[in-house]
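# Examining the three-dimensional arrangement
Listed below, chain by chain, are the residues.
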Amino acid sequence: MSKLKLDLIKNSISYFREAVAYAQRDGLDETGWKFAIINVVQAMELAFKEKLRRIHPALIYSSVDERTDTVSLSKALKRLVDPGIGGLVIAEKDPRKIETAVKLRNELTHFECEHEHEHMEAKFADIFSFMIFFYREHLELPAEEFIDYDAHQHIMGLVKARAELRTRAQSYIKAEGFIDIWICSSCDESTFVAQNGECCLCHHKEAVLDCASCGQETLESEVIDTSNFLDWDYNEGSMILMEDFGMEMTACQGCIETFKSKVDEKRQAQYHEDMERDAMAYR
Ligand SMILES: [Zn+2]
Ligand SMILES: [Zn+2]
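Calculation criteria
Residues numbered from 1 in each chain as written. Chains lettered and ligands numbered in written order. Predicted model: local features only at pLDDT ≥ 70, side-chain atom pairs only at ≥ 80, totals over all residues. Heavy atoms only, no water. Helix = DSSP H or I, 4+ residues; strand = E, 2+ residues; numbered from the N terminus. Rg over C-alpha atoms; globule rule 2.2 N^0.38 Å. Buried < 20%, exposed > 50% of the residue type's maximum accessible area, 1.4 Å probe, protein only. Contact = heavy atoms within 4.5 Å. Areas by Shrake-Rupley, 256 points an atom, 1.4 Å probe, with all protein chains shown as cover. Lys, Arg positive; Asp, Glu negative; His and termini not counted. Charge placed at Lys NZ, Arg CZ, Asp CG, Glu CD. Patch = residues over 30% accessible without salt bridge, like charges linked within 9 Å, V, L, I, M, F, W, Y side chains within 5 Å. Salt bridge = Lys/Arg side-chain N within 4 Å of Asp/Glu carboxyl O. Core = buried A, V, L, I, M, F, W, Y, C linked by side-chain atoms within 4.5 Å. Donors = N, O, S within 2.8 Å, 3.2 Å for Na, K, Ca; no water. Tetrahedral: all angles 85-135°; square planar, octahedral: opposite > 155°, others 65-115°. Expected span 1.5 Å × (residues − 1). Phe/Tyr/Trp six-rings, centres within 6.5 Å; stacked < 30°, edge-to-face > 60°.

### What about the overall build of the protein?
- Scanning the protein from N- to C-terminus turns up seven helices and nine strands.
- The C-alpha atoms of the protein give a radius of gyration of 24 Å, which is well past the 19 Å a tight globule of 283 residues would have.
- In terms of overall dimensions, the protein has a C-alpha envelope of 85 × 55 × 40 Å along the principal axes.
- In the protein, which comprises 283 residues, the proportion classed as buried is 38%.
- Excluding contacts between residues fewer than 6 apart, the proportion of contacts in the protein whose partners are at least 24 apart in sequence is 57%.
- Surface summary for the protein: the accessible area is close to 16600 Å², and the carbon and sulfur share equals 49%.
- Across the protein, the centroid of the 33 positively charged side chains sits 8 Å from that of the 52 negatively charged ones.

### Side note on a negative patch on the surface
- On the surface, Asp 29, Glu 30, Glu 114, Glu 116 and Glu 118 cluster together into a patch of negative charge.
- Inspection of the secondary structure puts Glu 118 in helix H5 (residues 117-138).

### Thoughts on the nonpolar core
- Phe 16, Met 44, Phe 48, Phe 124 and Tyr 135 are the most contacted members of the largest nonpolar core, which totals 53 residues.
- Of all the secondary-structure elements, those providing two or more residues to this core are helix H1 (2-23), helix H2 (30-55), helix H3 (73-81), helix H4 (94-110), H5 and helix H6 (149-176).
- Tallying contributions element by element places H2 first for this core, with eleven residues.
- Apart from residues lying up to four places away in sequence, Phe 16 is in contact with Val 40, Ala 43, Phe 128, Met 131, Ile 132, Tyr 135, Phe 146 and Ile 147.
- By size, the runner-up hydrophobic cluster in this structure holds 13 residues, among which are Ala 169, Ile 173, Val 193 and Ala 194.

### Some words on the coordination of the zinc ion (ligand 2)
- The zinc ion (ligand 2) binds to the protein through Cys 211 (SG), Cys 214 (SG), Cys 252 (SG) and Cys 255 (SG); the donor distances cover 2.3 Å.
- For the zinc ion (ligand 2), the four donor atoms in the first shell make angles of 108 to 112° at the metal, a pattern classed as tetrahedral.
- Expressed as a motif, the donor residue spacing for the zinc ion (ligand 2) is C-x2-C-x37-C-x2-C. Note that Cys 214 is positioned in the loop between strand E4 (208-210) and strand E5 (217-219) and Cys 252 in strand E9 (residues 250-252), a separation of 38 residues in sequence.

### Some points on H6
- Here H6 spans 40 Å end to end across 28 residues, near enough to the 40 Å set by a 1.5 Å rise per residue.
- The set of residues buried in H6 consists of Ala 151, His 152, Ile 155, Leu 158, Val 159, Arg 162, Ala 169 and Ile 173.
- Positioned one or two residues after H6, Gly 177 has a phi angle of 70°, which is positive.

### Observations concerning the packing of aromatic side chains
- On inspection of all chains with the given rule, the structure shows 14 aromatic pairs.
- Judged by centre distance (4.7 Å) and plane angle (40°), the ring pair of Tyr 135 and Phe 146 falls under tilted. One end of the pair, Tyr 135, is in helix H5; the other, Phe 146, is in the loop between H5 and H6, with eleven residues separating them in the sequence. Comparing Tyr 135 with Phe 146 shows no difference in burial state: the two are buried.
- Three or more aromatic residues joined by ring pairs make a cluster, and in this case those are Phe 16, Trp 33, Phe 124, Phe 128, Tyr 135 and Phe 146.

### Some points on the coordination of the zinc ion (ligand 1)
- The zinc ion (ligand 1) binds to the protein through Cys 184 (SG), Cys 187 (SG), Cys 199 (SG) and Cys 202 (SG); the donor distances cover 2.3 to 2.4 Å.
- Bound by four donor atoms, the zinc ion (ligand 1) shows angles of 107 to 114° at the metal and therefore tetrahedral coordination geometry.
- Going along the chain, you hit the donors of the zinc ion (ligand 1) in the pattern C-x2-C-x11-C-x2-C. On the criterion of sequence distance, the pair formed by Cys 187 in the loop between strand E1 (181-182) and strand E2 (192-193) and Cys 199 in strand E3 (residues 198-199) is long-range, its members being twelve residues apart.
- Here Cys 199 falls in the buried class, since its relative accessible area comes to 1%.

Here it is, written out as structure tokens:
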């Protein structure tokens, strides 16, 4: 176990240092940001595993019984914040920010894609600040073990600039008296002004729609196709909707769980009805 311990933390720090080396270059282009993000997310993944290992060595595996594959980043985070396992207290928006960064990392690793330079810089700043906090608070590492003073100052400048922009966006919201402020699907900050359909921090624009299922307003990116939850049948080369249970074909993030349980209830009720009818027919 001692070798594993050394490898996890040592590797995490070397990825982190690599990420920092990219991020502090002047006039960093998209490729540079791409590597900074891939490295910082890798550093986070290893740091999470190290934390889990300290709680119990079996926790670094996806299945604690089989112990073959190691845990994914999302699952590691779930275990860390689970009150019965890690009991880690992190900021309310952190899990979402981490998920977006992981998604971005996967996109960057697996296929060519276009991401704005600002978007990547913002994601990097989010994870960088989170990692500084995580190394210090949860792995009890003194700063000099994972970052050099100059590099820290340089990147903190970037993080502060972003915090500054966020404060400015918030005072703009207050001054204008906007009421419906949502979490932006692009920058993950509470700066999306629903009535304008635009984020006043990153200027991401997105349509605001009425959810077909619950009627609440929702971001277009949060509309979920629900057709898979309904009953379909394959007939002569095409899929035919057999039973829609009187439900809509889309729902929103806010009502999808209710949607699923309603469909389950209706399917159950129908099943019992069918059973009764069949029973009657035999009498
Ligand atoms: Zn935004
Ligand atoms: Zn809804």
